[in-house]
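Take a look at the letters that make up each chain.
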Amino acid sequence: MSLSALKKQNSLDKLLGAVQAESAPQEKKSYVDERIWKPVMDKSGNGYAVIRFLPAVEGEDMPWAKIWNHAFQGPTGQWYIENSLTTVGQNDPVSEYNTRLWNSGVESDKEIARKQKRKLQYYSNIYVVEDPANPQNEGKVFLFRYGKKIFDKIMEAMQPAFEDENPINPFDFWSGADFKLKIRKVDGYWNYDKSEFAEPSALFDNDDDIEALWKTQHSLADFTGPSNFKSYDELKARLDAVLAGTVTVGKAVDVMEDAPVAEPKVDTSPAPAPTVSEEDDDDAMSYFEKLANE
């Protein structure tokens, strides 16, 4: 821009506009992944839905992505909530630290290692057949995050224990089966024991509808892709901040278990956290993600 053009330009409106834009309330970024479907518990503490596990998308081999992660609170009151590099076969600072604790021979160190252990999660594409709590979800494709308990149900269907049971592929469009997801609160934890597969059946009557649905599924590759993991050095820096350099092998400290806690307050003292069973992992991880993004 020439000096003469600058002289003619009245930039007052532009400057005031910029100030107003900076001063305006900023819309809070949402970290909710709208692709992920979650069951909802009713007032009695039960949840029910019918879903159908879907096959791998074109170009991918497996109908599920398997992720290891850590979620725990350190003596600083800060939370460590990160995906583990062991998912992709790399060294991870928390796993290394837990190994040192375990090998110290001190029982209190082993207890800390247990509380900081990896949690296993799976992601799959599903078709929602019935969702009484949110009927608007019915007939749509979502991602579903689930833990070992539900994965064990899938494996039991694929490899039944008794001779009078026929194996099924729950992820097959034609010979798969609807999954009746039944959730109860047992001793305060989510319990999936009553969940079961229905009789095998085709998802739709014709292949055109099946193909159209297949094309709407979500890729699972990103869950194990590089962008979903921080580097070793970044994770180590975060771990050091959470532990604040107060932890040494052979000396136990009060590291809180990875479990829901009360909403964070202004003070920085660690909030007490109850223990979470592995059956409750799906519910707990949603809470951990909320803590991490606040």
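Scoring rules and cut-offs
Every residue gets a number counted from 1 within its own chain, in the order that chain's sequence is written. Note on the predicted model: pLDDT of at least 70 is required for a residue's local features to be given, and 80 or more for side-chain atom pairs to be given and counted; whole-chain, interface and lining totals, by contrast, use all residues. As a rule here, side-chain values cover all heavy atoms of the structure and leave hydrogens and water aside. When a carboxyl oxygen of Asp or Glu is within 4 Å of a side-chain nitrogen of Lys or Arg, the pair counts as a salt bridge. Throughout this description, buried means an accessible area under 20% of the type-specific maximum (1.4 Å probe, protein chains only), exposed means over 50%, and partly exposed covers the range between. By definition, any uninterrupted DSSP run of H or I lasting at least four residues is a helix, any uninterrupted run of E lasting at least two residues is a strand, and each is numbered from the N terminus. Charged-residue counts in this description rest on Lys and Arg as positive and Asp and Glu as negative, His and the chain ends being excluded. Throughout, a contact is declared for two residues whenever any of their heavy atoms are within 4.5 Å. By this rule the span expected of a helix is its residue count minus one, scaled by 1.5 Å. Arc definition: it is the arc formed by the directions from the helix axis to the C-beta atoms. Whenever a helix is involved, its axis is fitted only over the stretch in contact; in every case the axis is a line through C-alpha atoms, and angles between N-to-C directions fall within 0 to 180 degrees. Put simply, angles under 35 degrees are roughly parallel, angles over 145 are roughly antiparallel, angles from 65 to 115 are roughly perpendicular, and the rest are oblique. Polar here means any residue outside two lists: the nonpolar Ala, Val, Leu, Ile, Met, Phe, Trp, Tyr, Cys and Pro, and the charged Asp, Glu, Lys and Arg; Gly therefore counts as polar. Under the pairing criterion, centres of Phe, Tyr and Trp rings, with the six-membered ring standing for Trp, must be within 6.5 Å; the plane angle then separates stacked pairs below 30 degrees from edge-to-face pairs above 60, leaving the rest tilted. Here, a charge over a ring is recorded when the distance from Lys NZ or Arg CZ to the ring centre is within 6 Å and its angle to the ring normal is within 35 degrees. Buried residues of nine kinds, namely Ala, Val, Leu, Ile, Met, Phe, Trp, Tyr and Cys, make up a nonpolar core once their side-chain atoms join them within 4.5 Å. With the far helix as reference, a near helix turned anticlockwise by less than a right angle produces a left-handed crossing, and one turned clockwise produces a right-handed crossing.

### Observations concerning the pattern of salt bridges
Following the criterion strictly, the structure yields nine salt bridges and no others. The salt bridge involving Lys 215 is made with Glu 211; its shortest N-O contact spans 3.8 Å. When its relative accessible area of 63% is taken as the criterion, Lys 215 is described as exposed. One connected set of salt bridges, linked through shared partners, spans Glu 107, Glu 111 and Arg 114.

### A closer look at the side chain of Lys 153
Looking at the secondary structure, you find Lys 153 in helix H5 (residues 148–158). Glu 156 provides the closest opposite charge to the buried, salt-bridge-free Lys 153, at an N-O distance of 4.9 Å. If we skip the residues at most four places from it in the chain, Lys 153 touches Phe 179, Tyr 192, Asp 193, Ser 195 and Phe 197.

### Structural notes on helix H7 (residues 232–243)
For H7, built from twelve residues, the straight-helix expectation of 16 Å at 1.5 Å per residue is met to within 8% by its first-to-last C-alpha distance of 16 Å. Where H7 is concerned, the buried positions are Leu 235, Leu 239, Val 242 and Leu 243. Buried residues along H7 cover an arc of 90° about the axis, so they all sit on one side. Next to the buried residues of H7 lie strand E3 (65–73), strand E4 (79–83) and helix H3 (93–103).

### Here's the deal with the packing of H3 against H7
The N-to-C vectors of H3 and H7 enclose an angle of 55°; their axes lie 9 Å apart at closest approach. Classified by the interaxial angle, the pair formed by H3 and H7 is oblique. In this structure, H3 uses Pro 93, Val 94, Glu 96 and Tyr 97 to contact H7, whose residues at the interface are Tyr 232, Leu 235, Lys 236, Leu 239 and Leu 243. Taken together, the residues of the contact of H3 with H7 break down into seven nonpolar, no polar and two charged.

### Observations regarding the side chain of Ser 84
On the secondary structure map, Ser 84 appears in the loop between E4 and H3. Exposure remark for Ser 84: the relative accessible area of 0% places this residue in the buried category.

### Considering the packing of aromatic side chains
Geometrically, a pair of aromatic rings is defined through the distance of the ring centres and the angle of the planes. Taken as a whole, this structure holds 17 aromatic pairs when the rule is applied. Here Phe 53 and Phe 197 contribute two aromatic rings whose centre-to-centre distance is 6.4 Å and whose plane-to-plane angle is 50°, an arrangement assigned as tilted. Of the two residues, Phe 53 is situated in strand E2 (residues 47–53) and Phe 197 in strand E9 (residues 196–197); the sequence distance between them amounts to 144 residues. An identical accessibility class is assigned to Phe 53 and Phe 197; each is buried. A ring pair is formed by Tyr 123 and Phe 223, whose centres lie 4.0 Å apart and whose planes are at 15°; its orientation type is stacked. Of this pair, Tyr 123 sits in strand E5 (residues 119–130) while Phe 223 is found in the loop between helix H6 (207–214) and H7, placing the two residues 100 residues apart along the sequence. Take Tyr 123 and Phe 223: they sit in the same class, and that class is buried. Through successive ring pairs, a cluster of aromatic residues spans Trp 37, Phe 53, Trp 64, Tyr 122, Phe 144, Tyr 146, Phe 151, Phe 171, Phe 179 and Phe 197. The ring of Trp 102 has Lys 110 sitting right over it, with the charged end atom 5.1 Å from the ring centre. The ring of Trp 68 carries the charged tip of Arg 118 above its face, separated from the ring centre by 3.6 Å.

### Focus: the nonpolar core
Counting 26 residues, the largest nonpolar core has Trp 37, Phe 53, Phe 144 and Tyr 146 as the members making the most contacts within it. Within the residue set of this core, elements represented by two or more residues are E2, E5, strand E6 (141–146), H5 and strand E7 (179–186). One finds Tyr 80, Val 94, Ala 113 and Leu 239 within the second-largest nonpolar core, a separate group that totals 13 residues.

### So, the packing of H3 against helix H4 (residues 107–115)
Where H3 meets H4, the closest approach of the two axes is 7 Å, and the angle between their N-to-C directions is 150°. With respect to H4, the element H3 is oriented roughly antiparallel. The chirality of how H3 crosses H4 is left-handed. Between H3 and H4, the contacting residues are Asn 98, Leu 101 and Trp 102 on the first element and Asp 109, Lys 110, Ile 112, Ala 113 and Arg 114 on the second.

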